[in-house]
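Read off the chains here:
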Amino acid sequence: MSRKHGGLLNGKKAIVTGATSGIGYATAYLFAINGAEVIATGRNEDKGMDLVSSINKSGRKAYFIKADLTKRDDLDLLVEEAIKKLGRIDILVNNAGVEILKDIDETELDEFTSLYKVNLFAPFYLMKKVIPHMRENNGGVIINVASTAGLSPYPGGGAYCSSKAALISLSKVAALENSKYGIRVVAFAPGLVQTRMFFEGVPEDKREEYVRETAKKVPLGRIALPEDIAEILVFLASDKAWYITGSIVVADGGLITGRRESGNVPPEGKK
Ligand SMILES: NC(=O)c1ccc[n+]([C@@H]2O[C@H](COP(=O)([O-])OP(=O)(O)OC[C@H]3O[C@@H](n4cnc5c(N)ncnc54)[C@H](OP(=O)(O)O)[C@@H]3O)[C@@H](O)[C@H]2O)c1
């Protein structure tokens with residue numbers, strides 16, 4: 001990835017979870033390119049260091065903090081270290097997520113709980129830790145990456161869809177509780193995005209075909225790239241989005257609005 005320096009997030013200090021892959025990786029990178037100092041976190045140290053070094057090479061500042069979001073000690077340390085390194089936190093992006101696709105009767109309680117730990121409990125706990133700090137600083141922005149799955153469920157999504165629906169609700173409550181402190185909270189719901197999660201179980205040589213076939217379901221006829229989503233997150237995290245709080249921002253190419261009409265293909269040369 002290489003982009004021209006922008007400045008929408010100049011001087012901002014941000015934490016991005018799930019920054020070792022997909023949407024989080026692209027978001028941490030683009031936040032930095034737009035002027036933010038970034039704490040990127042995840043479990044995969046190699047990927048985290050790779051991200052930080054590409055940010056540093058472009059003349060911007062970022063740090064990697066390894067953390068398993070299912071572990072409370074890691075969550076405590078993440079926030080402590082982030083404040084130590086950055087001095088303050090203006091933006092928290094709860095992006096990390098996991099998915100399982102299993103009918104309810106086939107889902108083990110442990111699987112359900114593990115998914116909830118990453119998708120819901122970690123965002124809750126990180127908000128709990130970061131909100132008092134943001135209040136002291138008279139403001140901040142929290143973006144919780146949910147999913148259209150939290151708005152439009154499907155069979156096999158008992159754990160995933162319900163975790164994202166709960167995250168949307170939690171975001172709204174957080175927005176209402178914190179608007180008087182200048183803190184905005186947004187639930188962001190992407191549709192289909194070409195990441196590890198999207199390609200789960202699809203062999204490397206079948207990916208192109210999978211994208212082509214799946215894109216037929218999307219009114220805009222495309223599956224987003226992580227960078228497309230990161231661009232939207234930069235805007236939502238920026239002061240330009242100051243009037244957006246308590247909302248669900250959907251970016252899904254029209255997926256949950258309705259079925260794509262046959263023959264509705266993007267114009268030639270369009271992404
Ligand atoms: N891709 C889509 O089509 C799509 C659509 C709607 C919503 N979303 C949501 O977008 C977010 C990002 O997903 P993605 O598509 O970019 O997925 P991805 O490429 O699989 O990345 C998931 C990220 O979550 C991190 N993560 C998972 N478990 C963790 C744990 N226990 N501790 C710390 N980090 C953990 C991973 O880090 P490590 O690998 O380092 O553990 C990785 O960085 C998720 O919340 C997902 O639900 C995705």
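### A few points about a nonpolar patch on the surface
A surface patch of nonpolar side chains, amounting to about 200 Å² of accessible area, comprises Leu151, Val250 and Ile256. Secondary-structure assignment places valine 250 in strand S7 (residues 248-251). Note on valine 250: relative accessible area 35%, which makes it partly exposed.

### Describing the pairing of strand S3 (residues 62-66)
Taken together, the five bridges between strand S2 (residues 37-42) and S3 define a ladder with parallel strand orientation. Each bridged residue has a counterpart across the sheet, and for glycine 42 the counterpart in S3 is lysine 66. Regarding topology, helix H2 (residues 45-57) serves as the crossover connection from S2 to the parallel S3, and that connection is right-handed.

### Brief notes about helix H1 (residues 22-33)
In this model H1 runs 17 Å from its N-terminal to its C-terminal C-alpha over 12 residues, within 8% of the 16 Å that 1.5 Å per residue would give. Within H1, 12 of the 12 residues are buried, which leaves the element mostly enclosed by the surrounding structure. At its buried positions, H1 is contacted by strand S1 (13-16), S2, H2, strand S4 (91-94), strand S6 (183-190) and helix H8 (226-237). Glycine 35 sits one or two residues past H1 and shows a positive phi near 105°.

### What about the site of the ligand?
The environment of the ligand is formed by 30 residues, the closest being Thr20, Ser21, Arg43, Tyr160 and Thr195. Within the side chain of serine 21, a nitrogen or oxygen atom sits 2.6 Å from an oxygen atom of the ligand. Residue arginine 196 places a side-chain N or O atom 3.2 Å away from an oxygen atom belonging to the ligand. Burial of the ligand by the protein amounts to 95% of the accessible area it has alone, namely 890 Å². When each cavity is represented as a set of grid points, the ligand is found to reside in the largest pocket. Within the shell around the ligand, the residues separate by chemical class into 14 nonpolar, 12 polar and four charged.

Rules used throughout
Residues numbered from 1 in each chain as written. Predicted model: local features only at pLDDT ≥ 70, side-chain atom pairs only at ≥ 80, totals over all residues. Heavy atoms only, no water. Patch = residues over 30% accessible without salt bridge, like charges linked within 9 Å, V, L, I, M, F, W, Y side chains within 5 Å. Areas by Shrake-Rupley, 256 points an atom, 1.4 Å probe, with all protein chains shown as cover. Salt bridge = Lys/Arg side-chain N within 4 Å of Asp/Glu carboxyl O. Helix = DSSP H or I, 4+ residues; strand = E, 2+ residues; numbered from the N terminus. Buried < 20%, exposed > 50% of the residue type's maximum accessible area, 1.4 Å probe, protein only. Pairing = 2+ DSSP bridges. Right-handed = clockwise from strand over helix to strand, strands pointing away. Expected span 1.5 Å × (residues − 1). Contact = heavy atoms within 4.5 Å. Near = heavy atom within 4 Å. Polar contact = N/O pair within 3.5 Å; in protein donor to acceptor, adjacent residues only side chain to side chain. 1 Å grid on protein atoms, 1.4 Å probe; cavity = no way out; pocket = protein on both sides within 12 Å on 5 of 7 lines; lining within 4 Å. Sits in = over half its atoms within 2 Å of the grid points. Nonpolar A, V, L, I, M, F, W, Y, C, P; charged D, E, K, R; others polar.

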